[in-house]
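Residue-level structure breakdown
Next come the chains, spelled out residue by residue.
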Amino acid sequence: MAKSFEDRSCAGESQAAARAPAGVAFAELAQRFERQVRFAPLGREGQGNLVSARVLVVGCGALGGILAQTLFRAGVGELVLVDRDVVELSNLPRQVLFDERHAREGTPKALAARDTLERSGGPSVVRAHVLNLDARNLELVADDVDLVLDGTDNLETRYLLNDFCIARGLPWVYAGVVGSSGLVLPILPGRSACLACLFPEPPPAGVLPTCESAGVLLSAVGAVASFAAGLGLRLIARPEVPFEPALIELDTWNGDVRRLSAPRDPNCRVCARREFVFLHRAGAEAVALCGRNTVQIPACGPRHALAALVQRLPAGVSEVRLHESLLRFAFEGCRVSVFQDGRALVEGTSDVSHASALYERVLGAHSA
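Let me begin by describing the structure that accompanies this report. (Residues numbered from 1 in each chain as written. Predicted model: local features only at pLDDT ≥ 70, side-chain atom pairs only at ≥ 80, totals over all residues. Heavy atoms only, no water.)

This brings us to the pattern of salt bridges. As enumerated under the stated definition, the model contains 17 salt bridges in all. A salt bridge links Glu 45 to Arg 238; the shortest N-O distance between them is 3.4 Å. Here Arg 238 lies in the loop between helix H12 (218-237) and strand S7 (247-251) and Glu 45 lies in helix H4 (residues 43-51), a separation of 193 residues in the sequence. Salt bridges linked by common partners bring Arg 101, Glu 105, Asp 115 and Arg 119 together as one network. (Salt bridge = Lys/Arg side-chain N within 4 Å of Asp/Glu carboxyl O. Helix = DSSP H or I, 4+ residues; strand = E, 2+ residues; numbered from the N terminus.)

Structure (structure tokens):
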């Protein structure tokens with residue numbers, strides 16, 4: 001962080017006052033954060049650092065929702081939220097930022113999360129991006145952030161985040177959960193192990209249990225996300241305080257918590273040899289989303305205004321809804337969501353060929 005801690009504390013107070021809703025004085029904001037400022041390791045200076053920080057939360061589902069809510073309520077100055085998905089009814093038991101209205105309307109998760117957070121008030125600014133994070137757009141959404149938090153549901157994105165953060169010397173916190181247990185790893189480039197030090201390559205599909213195969217408990221999601229958020233807050237509030245990262249393993253069903261040594265690998269592909277292979281992957285193939293009975297179709301060809309696409313939908317399309325950044329409709333037993341970035345989700349099938357053919361029949365002529 002470029003500024004001194006004294007400067008950041010003062011700047012944080014000024015930014016908080018500037019971000020306050022009309023008629024809300026800084027004294028009222030100070031009262032809002034009074035209890036956490038009394039926590040001596042954070043203190044007034046740490047709160048100033050939080051209020052002037054910018055944090056990227058990747059994924060707004062189960063993990064990401066709790067991460068975003070915790071940082072928002074802690075007073076982090078700016079939250080950048082990224083998610084590629086829409087809200088479904090099956091999300092509601094464990095994804096805390098969504099309600100039945102969001103599920104009925106198929107609201108993009110990033111927009112639903114922003115809506116819920118902003119209704120709770122406070123000085124934080126929320127930027128929401130409805131997109132599939134990849135090597136081409138990550139740099140744009142992560143511009144000038146102080147920290148990255150992992151709320152994703154796939155390993156490809158996590159290895160991309162690891163490459164990006166190590167390449168730029170940016171701290172980030174890995175978090176993963178399945179069943180009743182999960183892992184948390186704070187990563188400080190140049191000082192601690194990175195994700196690839198511990199897990200050099202993503203395992204083949206089907207090797208690890210997933211939320212689809214093993215289920216997931218909200219208690220486990222909450223515990224893992226709270227650990228990750230707490231460590232993230234520490235990293236931006238008190239970056240000067242010595243800290244020894246470790247791999248934390250939690251199991252909320254059995255009541256186990258273990259702190260495991262996580263040494264750096266001197267031959268690590270990423271942080272030792274600085275080979276950032278995930279930063280150079282295009283990611284432009286249709287893929288079935290894990291446990292979702294949904295296929296993601298990548299953007300291809302020139303983009304078209306969503307309102308204009310509505311006028312060109314063929315016969316047989318029904319239940320058409322046009323949102324702020326999303327067009328949704330039903331066709332041949334599937335539900336299709338088309339985003340502003342040109343990407344689409346075809347829900348109701350995990351067959352990539354079938355989903356691609358359906359997409360071509362409906363929108364192919366307008367996306368080539």
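Further remarks concern the nonpolar core. In this structure, Val 55, Leu 71, Val 76, Leu 79, Leu 81, Leu 117 and Leu 149 are the most contacted members of the largest nonpolar core, which totals 55 residues. In this structure, Leu 71 is in contact with Val 55, Val 76, Leu 79, Leu 149, Ala 229 and Leu 233, ignoring residues within four places of it in sequence. (Core = buried A, V, L, I, M, F, W, Y, C linked by side-chain atoms within 4.5 Å. Buried < 20%, exposed > 50% of the residue type's maximum accessible area, 1.4 Å probe, protein only. Contact = heavy atoms within 4.5 Å.)

To continue, consider the packing of aromatic side chains. Given two aromatic rings, their pairing is described by the distance between the two centres and the angle made by the two planes. With the rule as written, the count across this model stands at one aromatic pair. A cation over a ring is seen here: Arg 343 above Phe 339, with NZ or CZ 4.1 Å from the ring centre. (Phe/Tyr/Trp six-rings, centres within 6.5 Å; stacked < 30°, edge-to-face > 60°. Lys NZ or Arg CZ within 6 Å of the ring centre and 35° of its normal.)

Further remarks concern the sheet that holds strand S1 (residues 54-58). What the eight strands build is an open sheet, ordered S3-S2-S1-S4-S5-S6-S7-S8; its pairing is mixed. The strands lining the two open edges of the sheet, one partner per strand, are strand S3 (125-130) and strand S8 (256-260). Neighbour-to-neighbour, the strand axes of the sheet open up by a mean angle of 15°, direction not taken into account. Across four bridges, strand S6 (residues 181-187) lies against S7 in antiparallel orientation. Across the sheet, Gly 182 pairs through a bridge with Leu 250, a residue of S7. The strands touched by helix H5 (residues 62-74) are S1, strand S2 (78-83), S3, strand S4 (147-150) and strand S5 (172-178); relative to S2, the strand with the most contacts, the crossing angle is about 170°. (Pairing = 2+ DSSP bridges. Axes fitted to C-alpha atoms, helices over the stretch in contact; angles between N-to-C directions.)

A few words now on the side chain of Asn 49. Its location among the elements puts Asn 49 in helix H4. Overall, the relative accessible area of 0% leaves Asn 49 in the buried class. A distance of 2.8 Å separates a polar side-chain atom of Asn 49 from the backbone oxygen of Ala 237. (Polar contact = N/O pair within 3.5 Å; in protein donor to acceptor, adjacent residues only side chain to side chain.)

A few words on the side chain of Thr 116. Considering the arrangement of structural elements, one finds Thr 116 in helix H7 (residues 109-119). Those residues within four positions of Thr 116 in sequence are excluded, and the remaining contacts are Leu 97 and His 102.

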